[in-house]
Amino acid sequence: MSIALSEQELQRRQNLQGIIDLGINPFPADEFKVNVTAADILENYERDKINYKHILIAGRIMSRRIMGNASFIELQDTTGRIQVYVKRDDLCPGEDKSLYNTLFKKLLDIGDIIGIEGFVFTTQSGEISIHAEKLTVLTKSLRPLPVVKEAEGKTFDAFTDPEQRYRMRYVDLIVNAQNKETFIKRTKLYIAMRQFFNDAGYMEVETPVLQAIPGGAAARPFTTHHNALDIPLYLRIANELYLKRLIVGGFDGVYEFSKNFRNEGMDRTHNPEFTVMEIYVAYKDYNWMMDFTERLLEHCAQQVNGNTKTVFGEHQIDFKAPYPRVTMTDAIKHFTGFDITGKTEDEIRTAAKGMGIDVNDTMGKGKLIDEIFGEKCEGNFIQPTFITDYPVEMSPLTKKHRDNPELTERFELMICGKEVANAYSELNDPIDQRERFEEQLRLSEKGDDEAMFIDQDFLRALEYGMPPTSGLGIGMDRLIMFLTNNASIQEVLFFPQMRPEKKEATIELGPDEKAVLNLLSEDRKSLAEIKEQSELSGKKWDNATKSLRQKDLIDIIIEGDNKYITKK
C-alpha cells in the first residue's frame, strides 16, 4: 500500500530510523511509572518541596528551545504543561553524549511522547520547572502537530477550523487542551445524575439497541437486517417502552443513559446519534416529576460548575429551583393570539398557514400544534420553564389530563428556546394505548414517516398491569451544551457525525506542478530521478510536490531506503 508523505513526515520517519539505529525502541512496551502530574507540581511545589526531589512524569513535547549544552522543552500531560530543563552532562554523565547530542537535539520532534525522571526546581526567572536526569522515549510521533504561534499575546495559526477539529478530535485535544474541560464537565454531569438517582434508590439498567419495533418516540429510524434471523431491525429511537416493561415487571424505579439514533436532519443542535437519560418511577405523576426535575438539575449544575448559574451566549441561566410552569395552550395564545382549545385539525392548519408556518396535509392535529409552538413560542423561553398539559394528539404515550380529556399530563423543560427534558404521567390503560397507537398508524398511512409503530408486545405488557408511573427523558448532549456555554452540539461530542471528505472538483495547477506531473505515470518512478529530470530548484521542487500531495494527485512511497513517486 502506498502512503503519501509530506516532507516533515519523511523527516520524522528518518528520525524514527535514527532512534532505532541508536538501539532505542521508539515504541516500548514497558510500564512507565508516573508518580506526579504537571498540575500537581505547579499547585503544590512551593508549599511542599520535599516531595518533588524524585519525580517521574510523562507527556508530549509541545515546544523546544535548544541552547547548546542545555535546553528547555515544554511537556504536556493530561493536566497541563510544565517546563523541563535538559542539561547535556546531567542527561549523559559518562563519556557518551549521544543521548543528548543525537537523540534529544536531532531525533526528537514536537509531538513525541517522553518520560522524564528528575527533580523540581525554580528557575532564576521564577518559573517552576523539572530538571531532567533521565529521558525515556515512549512514543515517536510520525505526523507534525499544527503549529500554534503566539506573539504579543495573540495566537496565530491555531487549529481552529471547526470541521477539522471535529474530524480530528485527537489533534484538537492535543493542541487546544482547554477543550478537554467541556468533556470533563460532561463526565461530571453523568456522575452527578447517577449519584442523585442512586441516592433515591433507583436502579440503572440496560435495554436493547437493536429493536424489532422502533417505539417510544415519533422519529424516523435507521434500519438494518439480521442475517441469521432474516428479519429487519431498527436502531432504537428511544428506550421508553423497554423501561416501562421493567416497571410492569416490578421495579419501582429504573433509569438508563441511552444511545439513540434518528435518521433525520443534522444541525447545530441535532446529531443522528445522541444520548438521552430516561427514568421511570412507579406511583408518581408528572407534578411530582416536575419537582424531582428541578431538584435534579439544580444538583447537577452545582456539581458541574460549582454554581447554579451559568452563562450561555448572551444569557445567564439559573438552574436554581423552582421553575415557572406554563401550559402549552396559554403559551400559544400568548405569543400568537390563537386559542387551540376545541379547534379542529382543519382550523389549526388554516391558522398555521396564516402565521406563515410551512404545513401540509400529511400533518395531523398534534403535528400542526407542535409546528405552531416550535415556530412561534419556544424560542421565547430563556430561563428554565416547564411547558405543561400538551394536547392529546401530541402525546400518544401520555395519560389524559385528570381535569380535561383533550389534554395530557405532560411537560417539556425549555431552556434558551430549546427542549431539554420531556416527561409524562405515563399512560397505563392498555385499551386507550392501543387506540392511540392505531391513530399513529393512520398518520403513517397518510405519509407521516415519524408516526409511531404499534408495539404489540408492549401492549401485552400493559395488559398485565403497569402501576401509575411518571417518566422523564433528558437530552444529555443539549444539557451539557447549556452547562458549558457551547452553542453547537458538535462541541460536546467527542466524535460528531460528519459528511465524507470530498476532493476538490476542479484543481488548478501551476507550471511547476504540471512539469512534475508530466514526468509521471501510474507506475512508480525513482523520486531522485524525477527530481533531476524536472530541472526545478530545490525550493520549487519542494513547493510543487507539497502542493500536489495536498491536492491528492501524487503518492510518495517509501520502501526501506528507497523513495518512489507516482501519479494517482
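This text gives an overview of the structure that appears in the document. Everything quoted here is computed from the prediction, not taken from an experiment.

This part covers the sheet that holds strand β16 (residues 325–327). The strand order across the open sheet built from eight strands is β8-β12-β13-β20-β19-β18-β17-β16, with neighbouring strands paired in mixed fashion. Of all strands in the sheet, those bounded by a partner on one side alone are β8 (203–204) and β16. Taken together, the five bridges between strand β19 (residues 418–425) and strand β20 (residues 469–475) define a ladder with antiparallel strand orientation. From the neighbouring strand, N422 faces β20, where its bridge partner is G473. Here helix α9 (residues 286–305) sits on the sheet and contacts β13 (273–282), β16, β17 (385–388), β18 (410–415), β19 and β20; the angle it forms with β20, its principal contact strand, is near 35°.

Taken as a whole and assessed by the stated rule, the structure comprises 21 aromatic pairs. Where F72 meets Y85, the ring centres are 5.2 Å apart and the plane angle is 45°; that geometry is what we call tilted. Here F72, found in strand β2 (residues 70–77), pairs with Y85, found in strand β3 (residues 80–87); they are 13 residues apart in sequence, far enough to count as distant. Like Y85, F72 is buried. Considering the side-chain rings of F183 and F494, the 4.0 Å spacing of their centres and the 10° angle between planes classify their relative orientation as stacked. Residue F183 is found in helix α7 (residues 180–199), and its partner F494 is found in the loop between α15 (476–484) and α16 (511–518); the two are separated by 311 residues along the sequence.

Our focus in this paragraph is the pairing of strand β12 (residues 253–261). In terms of residue burial, β12 counts as a mostly covered element, since eight of its nine residues are buried. The pairing of β8 with β12 spans two bridges and is parallel. Residue pairing across strands places E204 opposite Y255, the latter belonging to β12. Inspection of the sheet shows β12 paired to β13 by nine bridges, in the antiparallel sense. Directly across from V254, in β13, lies its bridge partner Y280.

Close contact between helix α11 (residues 345–354) and helix α12 (residues 365–376) brings their axes to 9 Å; oriented N to C, the two are set at 25°. Here α11 is positioned roughly parallel relative to α12, judged by the angle of their axes. The hand of the α11/α12 crossing is left-handed. Where α11 approaches α12, its residues E345, I348, R349 and A352 are matched on the opposing element by K365, L368, I369 and I372. When its residues are assigned to classes, the contact of α11 with α12 shows five nonpolar, no polar and three charged.

Because each turn of an α-helix spans 3.6 residues, side chains separated by three or four positions in sequence point in the same direction. The set of residues buried in helix α14 (residues 456–463) consists of F458, L459, A461 and L462. On an axial view of α14, the arc spanned by its buried residues comes to 155°, and they lie on one face. With a side-chain oxygen positioned 3.2 Å from the backbone nitrogen of D457, the residue opening α14 is D455. A positive phi of about 105° marks G465, the residue just after α14.

It is worth spelling out the sheet that holds strand β9 (residues 210–211) at this point. Hydrogen bonding along the main chain pairs the strands of a sheet, whether they run parallel or antiparallel. Reading across the sheet, the three strands line up as β9-β11-β10 and stay open at both edges, with antiparallel pairing between neighbours. At either end of the open sheet lies a strand with only one pairing partner, and these are β9 and β10 (223–226). Where β9 meets strand β11 (residues 231–235), two bridges bridge the pair, whose relative direction is antiparallel. From the neighbouring strand, Q211 faces β11, where its bridge partner is Y234.

So, on to the nonpolar core. Judged by nonpolar contacts, the single largest core of 44 residues is most densely connected at M193, M277, F319, L472 and I474. Elements with a minimum of two residues in this core: α7, β12, β13, α9, β18, β19, β20 and α15. Leaving out residues up to four positions away in the same chain, M193 has contacts with F257, M277, L296, C300, I474, M476 and L479. Ranked by size, the runner-up nonpolar core spans 29 residues in total, among them L75, Y100, L107 and I114.

The next thing to look at is the packing of helix α1 (residues 7–21) against helix α4 (residues 98–107). Two numbers describe how α1 lies on α4: the axes approach to 10 Å, and their chain directions differ by 160°. In terms of axis orientation, α1 runs roughly antiparallel to α4. Note on packing geometry: the crossing formed by α1 with α4 is left-handed. Here N15, G18 and I19 of α1 lie close against α4, whose contacting residues are L103, K106 and L107. Looking at the contact of α1 with α4, its residues break down into three nonpolar, two polar and one charged.

Parameters and conventions
- Throughout this description, residue numbers start from 1 for each chain and increase along the sequence as written.
- Where totals are concerned, whole chains, interfaces and linings use all residues; where local detail is concerned, this predicted model gives features only for residues with pLDDT of at least 70, and gives and counts side-chain atom pairs only at 80 or more.
- No hydrogens and no water enter the side-chain calculation; it runs on all heavy atoms of the structure.
- When DSSP finds two or more bridges between a pair of strands, those strands are recorded as paired.
- Secondary structure elements follow DSSP: runs of H or I no shorter than four residues count as helices, runs of E no shorter than two count as strands, and numbering proceeds from the N terminus.
- Whether two residues are in contact is decided by their heavy atoms, any of which lying within 4.5 Å being enough.
- Helix axes are fitted to C-alpha atoms over the stretch in contact, other axes to C-alpha atoms as well, and angles between N-to-C directions run from 0 to 180 degrees.
- Any two rings among Phe, Tyr and Trp, with Trp reduced to its six-membered ring, count as a pair given centres within 6.5 Å; such a pair is stacked if its planes are under 30 degrees apart, edge-to-face if over 60, and tilted if neither.
- Think of it in three bands: with a 1.4 Å probe and only protein chains considered, a residue is buried below 20% of the maximum accessible area for its type, exposed above 50%, and partly exposed in between.
- Orientation is classified from the angle alone, with under 35 degrees giving roughly parallel, over 145 giving roughly antiparallel, 65 to 115 giving roughly perpendicular, and any other angle giving oblique.
- In a left-handed crossing the near helix is turned counterclockwise from the far helix by less than a right angle, and in a right-handed crossing that turn is clockwise.
- Side-chain classes follow a simple rule in which Ala, Val, Leu, Ile, Met, Phe, Trp, Tyr, Cys and Pro form the nonpolar group, Asp, Glu, Lys and Arg form the charged group, and the remainder, Gly included, forms the polar group.
- It is the directions from the helix axis to the C-beta atoms that the arc portrays.
- For this analysis, a polar contact is any N or O atom pair within 3.5 Å, provided that within protein one partner can donate a hydrogen and the other can accept it, and provided that sequence-adjacent residues contribute only side-chain to side-chain pairs.
- Nine residue types can take part in a nonpolar core, namely buried Ala, Val, Leu, Ile, Met, Phe, Trp, Tyr and Cys, and a core is a set of them joined through side-chain atoms within 4.5 Å.

Shape descriptors only; they carry no functional weight alone.
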